[in-house]
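# A closer look at the structure
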Amino acid sequence: MKAKVYVTIKQNVLDPQGNAVQGALHTLGFNEVGKVRIGKYLELDLDTNDRAQAEEKLKVMCEKLLANTVVEDYRFELED
């Protein structure tokens, strides 16, 4: 089973890296770009066919390591 994990900074948290990318894009002439938010994308291969177990394990992985839940949100998708 393949898991796709998306980690993003919470909306109410300042994103200086996103602001820097937005500024750089404007400098390059891409003035139509509005707000930029930076995040992480991870792909994990899970050795299980049990969807419920995979979801529970992914939640624990995200909360213990993959996301800093104080300032980041996460979501994941599972593919068979």
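Scroll up to find the structure this text is about.
Residues numbered from 1 in each chain as written. Predicted model: local features only at pLDDT ≥ 70, side-chain atom pairs only at ≥ 80, totals over all residues. Heavy atoms only, no water.

Strands sit in the order β2-β1-β3 across an open sheet of three strands; the sheet is antiparallel. Of all strands in the sheet, those bounded by a partner on one side alone are β2 (39-45) and β3 (72-79). Direction aside, the axes of adjacent strands within the sheet are offset by 15° on average. Judged from the seven bridges that link them, strand β1 (residues 2-9) and β2 form a sheet pairing that is antiparallel. The partner of Val7 across the bridge, within β2, is Lys40. Packed on one face of the sheet, helix α2 (residues 51-66) meets β1, β2 and β3 and runs near 150° to β3. (Pairing = 2+ DSSP bridges. Helix = DSSP H or I, 4+ residues; strand = E, 2+ residues; numbered from the N terminus. Axes fitted to C-alpha atoms, helices over the stretch in contact; angles between N-to-C directions. Contact = heavy atoms within 4.5 Å.)

For the rest of this paragraph, the subject is the side chain of Thr48. Here Thr48 is to be found in the loop between β2 and α2. Thr48 sits in the buried class, given a relative accessible area of 18%. A polar contact is formed between the side chain of Thr48 and the backbone nitrogen of Asp50, at a distance of 3.1 Å. Filtering out sequence-adjacent residues up to four positions away, Thr48 remains in contact with Met1, Gln53 and Ala54. (Buried < 20%, exposed > 50% of the residue type's maximum accessible area, 1.4 Å probe, protein only. Polar contact = N/O pair within 3.5 Å; in protein donor to acceptor, adjacent residues only side chain to side chain.)

Once that is clear, we can look at the packing of aromatic side chains. One pass over the structure, following the stated rule, counts one aromatic pair. The interplanar angle of 45° and the centroid separation of 5.2 Å between the aromatic rings of Tyr6 and Tyr41 together place this pair among those described as tilted. Highlighted residues: Tyr6 in strand β1 and Tyr41 in strand β2, separated in sequence by 35 residues. Residue class for Tyr6 comes out partly exposed when judged on its relative accessible area of 22%. (Phe/Tyr/Trp six-rings, centres within 6.5 Å; stacked < 30°, edge-to-face > 60°.)

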